[in-house]
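Coordinates in review
Residues per chain are reported as follows:
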Amino acid sequence: MAYKIFSNKDNLQIIHEDNHIIVINKRVGDLVQGDKTGDKPLSELIKDYIKEKYNKPGEVFLGVVHRLDRPTTGIVVFAKTSKALERLNKMFSERATQKTYWAVVKNKPPNNEDHLIHYLKRNEKNNTSRAHIKEVPDSKKALLDYKIFKELNTYFVLEINLHTGRHHQIRAQLSAIGCPIKGDLKYGFDRSNPDGGIHLHARKLVFIHPVSKEELILVAPTPNEVIWNAI
């Protein structure tokens, strides 16, 4: 999939920044961390931004705390200090955060709200995960809650609270209940979106600041796009 690659600091959508962390509203196509494509990732763009803004000599430290799939949008947290990185890594690994996502689907889910439990098995060859009702070899348990919070003319908007962080978890679990996300060809939607993205947005993140110990409640505006704007 070809994406438009952003390459200057003016394109960064910064939600929060202090001495220890920086939080970005990721756009469709943004790569969080470098991969085999060779495209410049957010992590490097942020380093460039920090180096220029604070006139820092030498290498800039930046730690990647977690990731979002390339076609998705929303909140991504980076650590600006090693102390923050260590504490955030522990916090995220222990699920001491509250993650809320919005997803747009065409098919109405079986229930207006539900708690989904699946066992996800990853296929490295095609970079997908398949959701199984029962545990299978090499699978990982995946948990989420969803509720319909808005109905559009031809789509349903789901609010999702994520309780585990598996590979392609929301995409695979919603597909398993017959509700692939708009634009997500990989998980069964019938056509792609013009920008190559999917209608999955990391909307809200709540966690304790790794240094100040204050509660942070961060919300990412949705992309400037027809369906998101209708929400």
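Residue numbers restart at each chain and count upward from 1, following the sequence in its written direction. Selection of residues for local features in this predicted model requires a pLDDT of at least 70, selection of side-chain atom pairs for listing and counting requires 80 or more, and totals for whole chains, interfaces and linings are taken over all residues. Side-chain calculation: all heavy atoms of the structure are included, whereas hydrogens and water are not.

1. As for the overall build of the protein
Cut-off, in case you're wondering: What counts as a helix is a DSSP run of H or I of at least four residues, what counts as a strand is a run of E of at least two, and both are numbered from the N terminus. Using C-alpha atoms as the atom set, the radius of gyration is obtained and then compared with a globule rule of 2.2 Å times the number of residues to the power 0.38. To sort residues, take the accessible area from a 1.4 Å probe on protein chains only and compare it with the maximum for the residue type: under 20% means buried, over 50% means exposed, and anything in between is partly exposed. Any two residues whose heavy atoms approach within 4.5 Å at even a single point are treated as in contact. To be clear on the numbers: accessible area is Shrake-Rupley with a 1.4 Å probe, and residue cover counts the displayed protein chains and nothing else. When charges are counted, Lys and Arg are positive and Asp and Glu negative, with His and the chain ends excluded. Charge positions come from single atoms, namely NZ of Lys, CZ of Arg, CG of Asp or CD of Glu.
The number of helices and strands found in the protein is 4 helices and 11 strands. For the protein, the C-alpha radius of gyration of 18 Å lies close to 17 Å, the compact-globule estimate for 231 residues. C-alpha atoms of the protein, sized along the principal axes, occupy 55 × 35 × 35 Å. The proportion of buried residues among the 231 residues of the protein is 49%. Across the protein, contacts joining residues at least 24 apart in sequence account for 62% of those joining residues at least 6 apart. Summed over all atoms, the accessible surface of the protein reaches about 12200 Å², with 46% contributed by carbon and sulfur. Between the averaged position of the 37 positive side-chain charges in the protein and that of its 27 negative side-chain charges there is a distance of 2 Å.

2. A look at the pattern of salt bridges
Heads up, the rule is: Salt bridges are counted wherever a side-chain nitrogen of Lys or Arg sits within 4 Å of a carboxyl oxygen of Asp or Glu.
Under the defined criterion, the tally for this structure stands at 13 salt bridges. If you follow the salt bridges from partner to partner, you end up with E17, K53 and K80 in one network.

3. Concerning the packing of aromatic side chains
So the rule is basically this: Stacked, tilted and edge-to-face pairs are distinguished by plane angle, under 30 degrees for stacked and over 60 for edge-to-face with tilted covering the rest, among Phe, Tyr and Trp rings (Trp via its six-membered ring) whose centres lie within 6.5 Å.
This structure, assessed with the given rule, holds 2 aromatic pairs. Between F92 and F207, the ring centres sit 6.5 Å apart and the planes meet at 55 degrees, which makes this aromatic pair tilted. Linking F92 in helix α2 (residues 82–93) with F207 in strand β10 (residues 200–208), this pair joins segments that are 115 residues apart in sequence. F207 carries the same exposure label as F92, and that label is buried. For the ring pair W102 and F149, a centre distance of 4.8 Å and an interplane angle of 40 degrees mean the geometry is tilted. With W102 in strand β5 (residues 98–105) and F149 in strand β8 (residues 140–151), this pair connects stretches of sequence that are 47 residues apart. Its relative accessible area of 12% is what places W102 among the buried residues.

4. Details of unusual backbone geometry
A positive phi is found at N55, a non-glycine position, where the angle reads about 50 degrees. Here N55 falls in the exposed class, since its relative accessible area comes to 67%. Non-glycine residue R95 carries a positive phi angle of around 60 degrees. In this fold, R95 is placed in the loop between α2 and β5.

5. A closer look at the nonpolar core
We apply this condition: The definition of a nonpolar core used throughout is a set of buried Ala, Val, Leu, Ile, Met, Phe, Trp, Tyr and Cys residues joined through side-chain atoms within 4.5 Å.
By size, the foremost hydrophobic cluster in this structure holds 34 residues, and its most contacted members are I46, F78, Y101, I160, I170, L174 and I181. For this core, the elements supplying multiple residues, two or more each, are β2 (21–26), α1 (42–53), β4 (73–79), β5, β8, β9 (156–162), α3 (169–176) and β10. By size, the runner-up hydrophobic cluster in this structure holds 16 residues, among which are I75, A79, M91 and F92.

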